[in-house]
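Examination of the molecular architecture
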Amino acid sequence: ITRVHLEEDAGRLQHPTYADHSLVDLNRAGAPLIEMVTEPEIASPQEARLFLSEVRALARALRVSDASPEEGKMRADVNVSLRRPDGSFGDKVEVKNLNSFKSVEAALKFEIERQTRQLDDGFEVVQETRGWNEGGQKTVSQRGKEDAADYRYLPDPDLPRVTIERDWLDAIRRASPETPKQLRTRLTGAGVKPADAQVLAADRDLTAVFEATLAAGELKPEQVALWCVNHVAALAADEAAGVTLETADAPGLARLLGRLNDGTLSNSSAKGLLADALQGEDIDALIEDRGLARLADTGAIDALIAGVVEAEPALVAAALENPKAVNALVGKTMQASGGSADPGVVRERVAAYLASQG
């Protein structure tokens with residue numbers, strides 16, 4: 001980052017396609033905003049998208065902004081220059097006011113291809129400002145643009161120089177939470193998959209649920225991360241589920257995962273109880289009331305196997321001929337139990353039955 005501007009948001013003009021007039025929107029005019037300017041060292045559309053994702057994660061980690069592009073709290077202007085054969089930059093083109101990371105990546109891809117075609121056809125790239133047409137998935141020219149001198153930048157004589165004391169800066173750093181990079185490093189070091197650590201580092205409310213769940217029970221970090229990223233986040237995003245990350249009952253989630261790990265619940269049954277757990281319901285009472293306890297009684301499982309054997313003689317014959325075909329019998333038995341049977345016990349009893357037939 002080469003510099004940071006503190007600016008005031010401007011009004012905007014809207015040009016409805018259905019009318020012969022324009023609208024002036026001053027709702028955000030005067031609101032303060034920060035613009036960061038980087039050196040020209042981002043080398044691909046994918047890298048630009050990752051950079052913006054990291055900026056958003058950092059803003060959220062520091063609680064300075066939600067930095068949600070879809071809510072107008074974060075935007076991007078991108079400058080695109082193709083390198084000449086000697087390695088120097090060609091004339092740049094700026095694409096203004098991109099309001100999603102997907103649009104940033106798409107606009108950069110389009111602009112790189114457009115400039116490449118222009119140069120291949122023997123034309124020069126004109127330095128200008130362009131806008132992004134989301135519907136047409138293309139950039140469109142808005143105005144010509146010269147160098148920075150044309151903006152008439154002037155130093156403000158009424159603004160004094162601000163000196164930041166080293167002790168104050170160090171105190172702020174000590175009081176600041178982990179950065180997304182530090183959090184990812186800690187999580188992956190504890191065994192969390194890198195992809196799950198990436199999601200957690202970008203959502204501190206989800207991370208709070210993860211940390212509180214770990215603190216509430218003796219669970220493996222990788223398992224808690226997987227459930228938070230794949231299941232808890234999905235429920236929180238579903239308004240009908242009645243679950244929010246801010247109110248999620250982490251001890252309830254810890255108890256649910258404990259019942260999954262001790263064999264009381266199957267994976268599917270645990271998923272079915274997740275919303276209840278996050279709302280603080282008594283998991284053990286629900287397991288009993290709904291008859292969700294995993295079936296591990298060998299006699300009951302043998303009875304289920306007998307029913308499958310009678311109904312599926314072809315599967316039995318295939319399993320006797322090819323040991324790999326035993327999975328089909330195990331699956332049918334699990335279906336017959338409604339998913340409540342212990343898969344390990346089912347496999348063991350199916351194997352015992354086939355051995356008795358050999």
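Bear in mind the structure is a predicted one, so any value in this text is a computation, not a measurement.

Before going further, it helps to examine a negative patch on the surface. Together, Glu281, Asp282, Glu288 and Asp289 line one region of the surface with negative charge. Tracing the backbone through its elements, the reader meets Glu288 in helix H11 (residues 283–289).

Right, let's talk about the packing of aromatic side chains for a bit. Counting across every chain of the model gives one aromatic pair. When the centroid spacing of 6.5 Å and the interplanar angle of 65° are considered together, the rings of Phe110 and Trp132 count as edge-to-face. Of this pair, Phe110 sits in helix H2 (residues 101–120) while Trp132 sits in strand S7 (residues 128–133), and the two are 22 residues apart along the sequence. Considered together, Phe110 and Trp132 belong to a single accessibility category, that of buried residues.

Moving on to the packing of helix H5 (residues 194–201) against helix H6 (residues 204–216). Relative orientation of the contacting elements H5 and H6 amounts to 115°, with a least axis distance of 7 Å. Taken together, the residues of H6 that come into contact with H5 (itself represented by Val199, Leu200 and Ala201) are Arg204, Leu206, Thr207 and Phe210. Here the residues of the contact of H5 with H6 are counted per class, giving five nonpolar, one polar and one charged.

On the secondary structure map, Asp196 appears in helix H5. Lys193 provides the closest opposite charge to the buried, unpaired Asp196, separated from it by 5.7 Å. In this structure, Asp196 is in contact with Ala225, Leu226 and Val229, ignoring residues within four places of it in sequence.

A complete count under the given rule lists 22 salt bridges for this structure. The closest approach of N and O atoms between Arg49 and Glu105, which form a salt bridge, is 2.7 Å. Remark: Glu105 occurs in helix H2 and Arg49 occurs in helix H1 (residues 45–61); sequence separation between them is 56 residues. Relative accessible area serves as the criterion here: at 11%, Glu105 is assigned to the buried category. Here Arg130 makes a salt bridge to Glu111, at a shortest N to O gap of 3.7 Å. Here Arg130 is found in strand S7, whereas its partner Glu111 is found in helix H2, with 19 residues between them in sequence.

Conventions used here
Residues numbered from 1 in each chain as written. Predicted model: local features only at pLDDT ≥ 70, side-chain atom pairs only at ≥ 80, totals over all residues. Heavy atoms only, no water. Patch = residues over 30% accessible without salt bridge, like charges linked within 9 Å, V, L, I, M, F, W, Y side chains within 5 Å. Areas by Shrake-Rupley, 256 points an atom, 1.4 Å probe, with all protein chains shown as cover. Salt bridge = Lys/Arg side-chain N within 4 Å of Asp/Glu carboxyl O. Lys, Arg positive; Asp, Glu negative; His and termini not counted. Charge placed at Lys NZ, Arg CZ, Asp CG, Glu CD. Helix = DSSP H or I, 4+ residues; strand = E, 2+ residues; numbered from the N terminus. Phe/Tyr/Trp six-rings, centres within 6.5 Å; stacked < 30°, edge-to-face > 60°. Buried < 20%, exposed > 50% of the residue type's maximum accessible area, 1.4 Å probe, protein only. Axes fitted to C-alpha atoms, helices over the stretch in contact; angles between N-to-C directions. Contact = heavy atoms within 4.5 Å. Nonpolar A, V, L, I, M, F, W, Y, C, P; charged D, E, K, R; others polar.

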